[in-house]
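# A structural walkthrough
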Amino acid sequence: MRPAQMRRLLPPGSPLYSCILLVFVLLTSARAQDFGGKTVTAVEYEPALQPLYPKDMQNMQLVRAGEPLDLNQVGASIDRLFASGLYDDIQVDAEPSAGGVVIRFITRPKRFVGHVGVGGDLNPPPSGATIISDSQLALGTAFDPEMLEVASKTIQEQLRENGLYESTVGVSTIEDPLTHQVTVQFLVNAGKRARYETPAVRGDTKLSDETIIRATGWRWPLIHKWRQVTSALTDKGIDGIDKKYAKKDRLTASVTLTSLEYDSATGRAKPTLDIDAGPKIEINAIEAKVSKRKLRQFVPVYQEGSVDRDLLTEGAENLTDYFQAKGYPDVQVDFKLEPPKDDQQVINYYITTGPRRKLVHIDIQGNFYFTDDTLRERMFLRTGSFFTRYGRYSESFRKADQEAIANLYRDNGFQDAKVTSTVETNYKGKAQDIAVTFHVDPGEQWTVANLNIEGNTRLDLSPIRNELASAQGQPYATINIVTDRNRILEYYYSNGFPRAAFSYRTGPGREPQTTNVTYSVREGPREFVRKVIVSGLYRTRPSMVLRDIDIKEGEPISMVKVNDIARQLTNLGIFANVSTAIQDANGTNQYKYLLYDFEEAARYSFNVGFGLEVGQFGYTTNNLSDAGGVKGVSPLISFNVNRINFRGIGQTVSLQTRYSTLEQRVALNYIIPRFLGSLNRTLTFSGLYDTTQDVQTFSSRREEGSVQVAQRFNRASTLLVSFAYRRVSTSNIQIPSLLIPLYSQPVRIGILSAGYIQDHRDNPLDAHRGFWNTIDAGIAGKFFGSQRDFTRVLARNATYTPIGRNLVLARQTQIGAILPFNLPSGVSGFEAMPLPERFFGGGGVSMRGFGDNQAGPRDIGTPTGLPAPPTTTPTGFPIGGNAIFFNTVELRFPLLGPNITGVVFEDMGNIYTTFGDVSLAYRQPPVVVYPSIPGQAFYQNFNYTVQAPGFGIRYKTPIGPLRVDFAYALNPPRYLGFNKNESIQDLIGCGPEEIGKTPQCTATPQQLSHFQFFFSIGQAF
Amino acid sequence: MIWRLSIASLIVAGIISGVIIDRIAIIVGNSIIKDSDIDKDIRATDFLNGRPLKLDAAERKAAAKRLVDQAMIRREIRIGDYPTATFQEADRELEKLEKQRFPNNADFERALAHYGLTPLDLRAEFRWQLTVLRFIDQRFKPAVVVTDQQVNDYYKQHEAALRRAHPGQSPDDLLEAAHDTLIGEQVNKLFFDWLDQQRQDAQIEYREESLH
């Protein structure tokens, strides 16, 4: 009978059990010694399948069959096996056998926390993620059933704090018998959420209960219905009362929620608030003007909600810095706490500003190792300039700059570098001017004589040797040693040495000012991957993630690699969270299970957006007036649905819709990431239905199917290859000539395109440095089923160059051409291109001298060739062109504080009839006069370059700068068009003989507005 | 009663055929104390104290308590990277003991065998004791401050006892001895306070059957 069986028969604690144990112990102590020295005939394990990897077992278990039994080795084996962390209990049993003794290790494996999930009837808040986090069950750590009780209580507490007083929490577990990972599933039944009720308010509140209740926000205003309890709302309510008191200058008010008692009969929770309003605190600035807002910013009493000497002193220091930075270097700030009187405590800050001075000169003496610019980049002090009139100076800035310069020298081997500074007032005889001189005493530069690395017996460090900063002859500096330490340890961690440690020592080198450096590495044990265990996948096919987890059994554990893979998996966008851990990370076993645990993201996501476009554009109507566009507003609404992880293999289906007065669009995309096994290759199938009215001339309708492969080479470079087949048609055409069936009938286009994007901008939303290149080329032809044959190229180059600290010179050039071929006889290349396929341009992101899509050729009637006049009346509406050239230069500069910047710009360019018509001419080509219509000038040529300088203001927001631009076109195009409300039907009735003769058939000279403005989000480019 | 005795007989028979020769007795945090550790501790303690060997439950419980404290000290030594005594130092202590208590090596060996110990066991025990003494000194002594006033007060209160303990020594020497005594008392107090705290904080799991 085994001891385990014995325990089952006789429960511990029973008298018989104790009696037998006594016998057992006596026998054990007597007999254990007796087995020592006998030959071990066999070593057995119970259970036969042990949690240790066989190789680890071989190293850790020292008792061997065929050898004499050494009881010390038995003890040492128990020690070692337990240290592996994989056992809860170990006993060693000996049984006499023929010729010796059989040794049996009877063990109980330890269990470990696996995937933790939450299900049931959740009613966030708290969210599932919060509940899992509250459980405090960390992946891969030892599992104990008692942990579940603690976790359940914590979750229950969290649910109650969120008003779910009637909630229940259950838990179930499943253990994997092979890996001993325990999957934990919490089952939450949230129940109904309680509502607040009228709080009990106690203490000296100085405010009415009603005011306090309003401040909590726990009751809806106007309707006076109590809101549902949530932890966040409870905290917000307390905060609201605090703020209310702060507004009343009661900065030391104390508000405590002492209880939130639930009444199950009414389903309401009654808060009890203990409040001590405290005295009114009045903080004044005496002798100098400081706004209330600034006082609140600089005196931390407001933030801390208490008044003590330390906070007031800190306030004085902050005010000193503030005034010094504003040009008062001699400012003196002191404070006095007046005795409390009549429920009021007055704190006066006495500020003697002294004369206002301007920092006009900064000199650096003794610097020989760096350029002055290198030092100045690291300094806070600034001389006065256009942007900072008095410069930037304060005592603390000056000291910080001294330290910054000294640190830079020390980091480059000047161990004894010292930096002092002197301030000269009355600089060059001007009373208000000051100059600061920094005196650098670098001392001697120390270099590394020899670098020796010891202790690296199992890992060859030669691959990183060249990367070490403390190489022979290099400056000897602590920062270099720190850098080397990080590199060496990272290398060890990447190669399976999680406990590697680093130390260093130095000694004098042979030459003066040289140091011998010795790095000492303690490698510690090397750990290997026993197996990768994946958990938490319910809807995702495991093969999809296993394909990405490129980790083989037996390879050294590299947490760098493990985390990189986790990041890649997170980037798939189908997981809310990817956790990694090593099972029993602190155990001494070498072969360890590597855990990847997934929390799948919600499969469907919906988003609804509302927006407004403001600018110079129009709507396609039957109104012929204002062919140059009108200032208008276009509201828009968008609705998108995404279904991620489609079929459980990480693919995405998305439906994107957008509706505005200018555009209606529905797009259905099917996205296959990692196409053909490449991490950075994506295949996308798209279907699109789009009607656009943002060009006033016509409405276009596009029905398109496309397939695109995007290959990302690195963070900045992407190649796109696509084939699109679309049917484009126009309607609501304003121009009678275009009603000719040949040009208005639907056209099918099949086009194969390739694009390349290089994006080296530091911040795509608001770039300050870098460049951005794009090129897109396509060919459409009959061989692709296209009804038009043409090639299309569009290239863009933008650069962003910082000038000094504050300015950015940004420029962008766009150039493109459409080159039709296989033209039908009698049709020009320009005429052959369907309107929606042409280039349109002008507006806030292309050329600000035009309203949206107002650039380029315009309707000049149907020309028949000189000397005959056009057969239809010119309307002046833009009709696009086959070539594009825009160039923009923009200087971006700070304007007001850190968030408001300004730009001045010069935009030039236009849309041209054909690429051959591209011209940089400033003047619009001369008008044409037909002999048959004397006295009327016809503007027929728009191929020149419009110049438009302007300025703009940007306000920084998290989603990019809010932008307002004002442009003045110096030479906007002139055209013939209508300025009254003429109906399209009237115009259709105009025969060739009536053109220019009847009022409704007579277009008059017009000119696009010189002045344009744009309001939007994001920089122009 | 008869059936109980029958079961007991069966169990004893089972035990005789398969005997637990060692096992985990106590888990202290991440370390363990085995049956064999308790056994060895009793044997070494009884030997060093010159007491007859006694392996009953009370002795086992007392040994277990000592070993739990030692486990916590071991952990602190490991975490704090405190130095351990060398084997040479342990050997010197072993030699001293042998000379003090035994006329010859044969008697010493015989006595060790009687207690079920080997010289190596005793050497390890000495090494550990020296390590603990060093740890206490390094860990707690720097925090002790004894003022002259305290030394003088102690001297006045315990002058007779000091003279008895240090016969023929000058008053300055006795003051020095008082100073050392006060330091020792405070070090001990700090040490035991620390140990109490460790006992409260530690997760200790006793396997009941090992302590009977």
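Residues numbered from 1 in each chain as written. Chains lettered and ligands numbered in written order. Predicted model: local features only at pLDDT ≥ 70, side-chain atom pairs only at ≥ 80, totals over all residues.

### Notes on the overall build of chain A
- On a plain count of helices and strands, chain A comes out with 20 helices and 43 strands.
- What you see for chain A is a C-alpha radius of gyration of 40 Å, clearly larger than the 31 Å of a compact globule of 1021 residues, by over 25%.
- When each of the 1021 residues of chain A is scored for burial, the buried share is 33%.
- Residue pairs in contact within chain A that sit at least 24 positions apart in sequence constitute 63% of those at least 6 positions apart. (Helix = DSSP H or I, 4+ residues; strand = E, 2+ residues; numbered from the N terminus. Rg over C-alpha atoms; globule rule 2.2 N^0.38 Å. Buried ≥ 20, exposed ≤ 12 C-beta atoms within 10 Å, placed from the backbone. Contact = placed C-beta atoms within 7 Å.)

### Considering the overall build of chain B
- For chain B, the count of helices and strands is 9 helices and 3 strands.
- For chain B, the succession of helices and strands along the chain, N to C, is α-β-β-α-α-α-α-α-α-α-α-β.
- Here the C-alpha radius of gyration of chain B, 22 Å, is well above what a compact globule of 212 residues would show, namely 17 Å.
- Projected onto the principal axes, the alpha-carbon positions of chain B cover approximately 75 × 45 × 35 Å.
- Across the 212 residues of chain B, 21% fall into the buried class.
- Counting only contacts in chain B whose residues sit at least 6 apart along the sequence, the fraction spanning at least 24 positions is 71%.

### Description of the packing of helix α2 (residues 35-49) of chain B against helix α3 (residues 57-80) of chain B
Residues and elements named next belong to chain B.
- Between α2 and α3, the shortest axis-to-axis distance is 9 Å and the interhelical angle comes to 100°. Considering the angle they form, α2 stands roughly perpendicular to α3. Counting all contacts with α2, which are made through Asp-37, Ile-38, Asp-41, Ile-42 and Thr-45, the residues of α3 involved are Glu-59, Arg-60, Ala-63, Ala-64, Arg-66 and Leu-67. (Axes fitted to C-alpha atoms, helices over the stretch in contact; angles between N-to-C directions. Parallel < 35°, antiparallel > 145°, perpendicular 65-115°, else oblique.)

### Here's the deal with unusual backbone geometry
Residue and element names in this part refer to chain A.
- Here the bond from Glu-46 into Pro-47 is cis, since omega is 0°, no more than 30 degrees from zero.
- Cis geometry marks the peptide bond from Pro-124 to Pro-125; its omega dihedral reads -5°.
- Position of Pro-125 among the secondary structure elements: in the loop between β4 (111-121) and α5 (128-134).
- For Leu-222, which is not glycine, the phi torsion reads 65° and is therefore positive.
- Here Leu-222 lies in the loop between α7 (209-216) and α8 (231-247).
- Leu-222 gets classed as exposed once you count the C-beta atoms within 10 Å, which come to 6.
- In the Ramachandran plot, Glu-287 falls in the positive-phi region, its phi being about 80° despite a non-glycine side chain.
- Along the chain, Glu-287 falls in the loop between β12 (280-286) and α9 (292-298).
- Residue classification places Glu-287 among the exposed positions, given that 12 C-beta atoms sit within 10 Å.

### Brief notes about the sheet that holds strand β6 (residues 168-175) of chain A
All names here are of chain A.
- On the basis of which strands lie adjacent, the open sheet formed by 4 strands has the order β5-β4-β7-β6 and mixed pairing. Looking along the sheet, the strands with just one partner apiece sit at the ends: β5 (142-143) and β6.
- Taken together, the 2 bridges between β4 and β5 define a ladder with antiparallel strand orientation. Within the sheet, the bridge partner assigned to Arg-111 lies in β5 and is Phe-143.
- Helix α6 (residues 145-161) contacts β5, β6 and β7 (181-189) of the sheet and is inclined by roughly 150° relative to β6. (Pairing = 2+ DSSP bridges.)

### Let's talk about the nonpolar core
- Ranked by size, the top nonpolar core spans 44 residues in total, and within it Val-113, Phe-186, Leu-569, Leu-594 and Leu-595 of chain A carry the most contacts.
- Going through the elements one at a time, β4, α5, α6, β7, β21 (528-535), α17 (559-571), β22 (575-582) and β23 (591-600) of chain A are the ones with two or more residues in this core.
- Broken down by element, this core gets its largest block of residues, 5 residues, from β23 of chain A.
- Beyond its immediate sequence surroundings of up to four residues, Leu-594 of chain A is in contact with Val-529, Val-532, Ile-533, Ile-551, Ile-557, Val-562 and Ile-582 of chain A.
- One finds Tyr-87 and Ala-94 of chain A together with Ile-32 and Ala-71 of chain B within the second-largest nonpolar core, a separate group that totals 37 residues. (Core = buried A, V, L, I, M, F, W, Y, C linked by C-beta atoms within 7 Å.)

### Let's talk about α8 of chain A
Residues and elements named next belong to chain A.
- For α8, built from 17 residues, the straight-helix expectation of 24 Å at 1.5 Å per residue is met to within 8% by its first-to-last C-alpha distance of 24 Å.
- Those residues of α8 lying buried are Thr-234, Gly-237, Ile-241 and Tyr-245. Seen along its axis, α8 keeps its buried residues to an arc of 75°; they face one direction. Away from the buried face of α8 by more than 90 degrees, exposed residues Ala-232, Asp-235 and Lys-247 are located.
- The secondary structure elements touched by the buried residues of α8 are α7 and β10 (254-263).
- Following α8 by one or two positions, Asp-249 adopts a phi angle in the positive range, close to 65°. (Expected span 1.5 Å × (residues − 1). Arc of directions from axis to C-beta.)

### Some remarks on the pairing of strand β26 (residues 651-660) of chain A
Residues and elements named next belong to chain A.
- Pairing of β26 with strand β27 (residues 663-673) involves 8 bridges; the strand directions are antiparallel. Looking at the pairing, Leu-655 lines up with Leu-668 of β27.
- The turn linking β26 back onto β27 is made up of 2 residues.

### As for the confidence of the model for chain B
- For chain B, the mean per-residue pLDDT works out to 88, and 91% of the residues sit at or above 70.
- Confidence drops under a pLDDT of 50 for residues 8-16 of chain B, and excluding neighbours within four residues, the segment shows 11 contacts in the predicted structure. (pLDDT = per-residue confidence, 0-100.)

### As for the sheet that holds strand β15 (residues 358-365) of chain A
Residue and element names in this part refer to chain A.
- Spatial ordering of the open sheet is given by β15-β17-β16, a layout of 3 strands whose pairing is mixed. Only two strands of the sheet have a single neighbouring strand rather than two, namely β15 and β16 (418-425). Neighbouring strand axes in the sheet, compared pairwise and without regard to direction, differ in orientation by 20° on average.
- One ladder, built from 7 bridges, connects β15 with strand β17 (residues 433-441); its direction is parallel. Bridge assignment links Ile-362 to a residue of β17, and that residue is Val-436.
- Helix α13 (residues 395-410) rests against β16 and β17 of the sheet, and its axis sits at about 145° to β16.

### Considering the environment of Asp-907 of chain A
Residue and element names in this part refer to chain A.
- Its place among the elements puts Asp-907 in strand β36 (residues 900-912).
- Between the C-alpha atom of Asp-907 and that of Asn-887, which follows or precedes it by 20 residues, the distance is 5.9 Å.
- If we skip the residues at most four places from it in the chain, Asp-907 touches Met-847, Arg-848, Gly-849, Thr-888, Ala-948 and Ala-967.

### Section: the packing of helix α7 (residues 148-157) of chain B against helix α9 (residues 171-201) of chain B
All names here are of chain B.
- One way to put it is that α7 packs onto α9 with a least axis distance of 9 Å and a crossing angle of 105°. Judged by the inter-axis angle, α7 sits roughly perpendicular to α9. Along the contact surface, α7 presents Gln-150, Val-151, Tyr-154 and Tyr-155, while α9 presents Leu-174, Leu-175, Ala-178, His-179 and Leu-182.

### Considerations on the confidence of the model for chain A
Residues and elements named next belong to chain A.
- The pLDDT averaged across chain A works out to 89; a share of 90% of its residues lies at or above 70.
- Confidence drops under a pLDDT of 50 for residues 1-13, and excluding neighbours within four residues, the segment shows 17 contacts in the predicted structure.
- Note that residues 15-30 has pLDDT below 50 and, in this model, 23 contacts with residues that lie over four places away or in other chains.

### A word on the pairing of strand β31 (residues 747-759) of chain A
Residue and element names in this part refer to chain A.
- In the sheet, strand β30 (residues 717-731) pairs with β31 via 12 bridges, with the strands oriented antiparallel. When the sheet's bridge partners are listed, Ala-724 is paired in β31 with Ile-751.
- Pairing of β31 with strand β32 (residues 770-780), which is carried by 9 bridges, proceeds in the antiparallel orientation. In the strand pairing of β32, Asp-759 is matched with Trp-772.

### A word on the environment of Ile-42 of chain B
All names here are of chain B.
- Along the chain, Ile-42 falls in helix α2.
- Using a count of 24 C-beta atoms within 10 Å as the deciding quantity, one classes Ile-42 as buried.
- With sequence-adjacent residues up to four places away left out, Ile-42 is seen in contact with Leu-55, Glu-59, Arg-60 and Ala-63.

### Thoughts on the environment of Asn-577 of chain A
- Positionally, Asn-577 of chain A belongs in strand β22.
- Once the C-alpha coordinates of Asn-577 of chain A and Leu-489 of chain A are considered, the two residues, 88 residues apart in sequence, prove to be 28 Å apart.

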